Amino acid sequence: MKLSVCTDAVFYGQETTQALSQLSEIGWRAFEFWSWWDKDVEVILQAKERLGLTAVSHCTHFISLVDEAQRDAYIEGLQATIETAKRLGVKTIISQVGDDLGISRAVQKQCLVAGLKTAVSYLQNANMQLVIEPLNILVDHPGYFLIASDEGFEIIEEVNSPHVKLLFDIYHQQISEGHLIRRIVDNIDKIGHFHAAGNPGRHELDFGELNYSEIFKAIRATDYDGYVGLEYFPQNDPISGLMPLIEH
């Protein structure tokens, strides 16, 4: 298990290259971010290479996977995202799935599975993984379709490809369903990426009710060798919050 920093969250409002310089100065080596299409990817690439950093992940376009009418647009966006990921050396692409359409949940779920199966060949050719993300609807994302990791794991099983896994966001899943360590350990083979933030508030990991020491210990006891992205909005100076985690 390795840690990366989501610059769009931890350094919210700052240019990505400014955030990367600050991370490098204190010894961080891995980063991720959300959208690429509103950023100067070439400038980020130059900063990444100059500073010797690893780009872990970024998002694909926020196009619905539960709406069959949007599938072609989703795949087109994914293809463009894959090309950007290749430039940056990114191996994990993050995908949200869209809002609930208010029709049969089973129909939407099968549309989601079909869309992911369509995406597999593009991911396989690029040797990348796509991770779909359940989100909480109680605090942050009302109306979103995929809420529970349990349902997410069912979807991953149905797609049945090593190139499609779940993004287990510890903050979101604490709000939505709890029993985090059991869910993580029992399904670690279906998890391709983690996100972490304190709850309540989505601040630093040591704010709130989550015992990250025990959660990280449980993850390390599995064979998971991917990243946990720090995706929180700091209450205090970003650097002071990151310093204790450098050697975590």
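Points about unusual backbone geometry
Note the cis peptide between N199 and P200, where omega equals 5 degrees. Among the structural elements, P200 can be located in the loop between β7 (191-196) and α9 (212-220). If you check the backbone angles, N160 has positive phi at about 55 degrees while not being a glycine. Checked against the element boundaries, N160 lands in the loop between α6 (149-159) and β6 (164-169). The exposure class of N160 is exposed, given its relative accessible area of 63%. The phi torsion at R202 lies on the positive side, around 60 degrees, for a residue other than glycine.

Structural notes on a nonpolar patch on the surface
Taken together, L101, I103 and V107 make up a surface patch of nonpolar side chains, about 260 Å² in accessible area. With respect to the secondary-structure elements, L101 resides in the loop between β4 (92-95) and α5 (105-126).

A closer look at the pairing of strand β5 (residues 129-132)
Every second residue of β5 is oriented toward a common face, with Q129 and V131 on one face and L130 and I132 on the other, all of them buried. When β4 meets β5, the two strands line up parallel, connected through 4 bridges. The residue bridging I93 from the neighbouring strand is L130, located in β5. Taken together, β4, α5 and β5 constitute a β-α-β crossover, and its handedness is right-handed. Pairing geometry for β5 and β6, over 3 bridges, is parallel. The residue bridging L130 from the neighbouring strand is V164, located in β6. Handedness of the crossover joining β5 and β6 through α6: right-handed.

Overview of the sheet that holds β6
As summarised here, the arrangement of the 8 strands in space is β1-β2-β3-β4-β5-β6-β7-β8, forming a closed barrel in which the pairing is parallel. Across the sheet, the mean angle from the axis of one strand to that of its neighbour is 30 degrees, orientation sign disregarded. Relative to strand β8 (residues 227-230), strand β1 (residues 2-6) runs parallel, the two sharing 4 bridges. Paired with V5 across the strands is L230, a residue of β8.

Some points on the nonpolar core
Grouped together as the largest cluster of nonpolar side chains are 76 residues, with contacts concentrated most on F194, L230 and L242. Element by element, the count of residues in this core is highest for α5, at 7 residues.

Focus: helix α3 (residues 41-51)
Taken residue by residue, α3 has V41, I44, L45, A47, K48 and L51 as its buried positions. Mapping the buried residues of α3 onto a view down its axis gives an arc of 165 degrees, with all of them on the same face. The outward face of α3, more than 90 degrees from its buried face, is lined by the exposed residues E49 and R50. Those residues of α3 that are buried are in contact with α2 (16-25), β2 (30-32), β3 (54-59) and α4 (71-88). Of the residues flanking the start of α3, the one acting as N-cap is D40, its side-chain oxygen 3.2 Å from the backbone nitrogen of E42.

With respect to the pairing of β7
Of all 6 residues in β7, 6 are buried, a share of seventy percent or more. When β6 meets β7, the two strands line up parallel, connected through 4 bridges. Across the sheet, residue F168 finds its bridge partner in β7, namely F194. Alignment of β7 against β8, held across 3 bridges, turns out to be parallel. Bridge pairing links A196 to L230 in β8. What joins β7 to β8 is α9, and the crossover it makes is right-handed.

Topic: the environment of K217
Of note, K217 is situated in helix α9. Between the alpha carbons of K217 and H195 there is a distance of 15 Å; along the sequence they are 22 residues apart. Within the local environment of K217, its side chain forms a polar contact with the side chain of E214, the two groups lying 3.2 Å apart.

Some points on the state of the cysteines
Tallying each qualifying case throughout the model produces 0 disulfides. Between C59, a cysteine without a disulfide, and C6, which holds the nearest cysteine sulfur, the sulfur-to-sulfur distance is 7.7 Å.

Some thoughts on the packing of aromatic side chains
Taken as a whole and judged by the stated rule, the model has 8 aromatic pairs. Look at W34 and F233: their rings are 6.2 Å apart centre to centre, the planes differ by 55 degrees, and that puts the pair in the tilted class. Linking W34 in the loop between β2 and α3 with F233 in the loop between β8 and α10 (238-242), this pair joins segments that are 199 residues apart in sequence. Geometrically, the ring pair formed by W36 and W37 is edge-to-face, given 5.7 Å between the ring centres and 80 degrees between the ring planes. Taking the relative accessible area as the measure of exposure, W36 reaches 13% and is therefore buried. By the ring-pair criterion, three or more aromatic residues cluster together here, those being Y12, W34 and F233. One residue, R105, lies across the ring of F145, its end atom 3.9 Å from the ring centre. Sitting over the face of the ring of F153, K190 holds its NZ or CZ atom 6.0 Å from the ring centroid.

Rules used throughout
Residues numbered from 1 in each chain as written. Predicted model: local features only at pLDDT ≥ 70, side-chain atom pairs only at ≥ 80, totals over all residues. Heavy atoms only, no water. Helix = DSSP H or I, 4+ residues; strand = E, 2+ residues; numbered from the N terminus. Buried < 20%, exposed > 50% of the residue type's maximum accessible area, 1.4 Å probe, protein only. Patch = residues over 30% accessible without salt bridge, like charges linked within 9 Å, V, L, I, M, F, W, Y side chains within 5 Å. Areas by Shrake-Rupley, 256 points an atom, 1.4 Å probe, with all protein chains shown as cover. Salt bridge = Lys/Arg side-chain N within 4 Å of Asp/Glu carboxyl O. Pairing = 2+ DSSP bridges. Right-handed = clockwise from strand over helix to strand, strands pointing away. Axes fitted to C-alpha atoms, helices over the stretch in contact; angles between N-to-C directions. Core = buried A, V, L, I, M, F, W, Y, C linked by side-chain atoms within 4.5 Å. Arc of directions from axis to C-beta. Contact = heavy atoms within 4.5 Å. Polar contact = N/O pair within 3.5 Å; in protein donor to acceptor, adjacent residues only side chain to side chain. Disulfide = S-S within 2.5 Å. Phe/Tyr/Trp six-rings, centres within 6.5 Å; stacked < 30°, edge-to-face > 60°. Lys NZ or Arg CZ within 6 Å of the ring centre and 35° of its normal.

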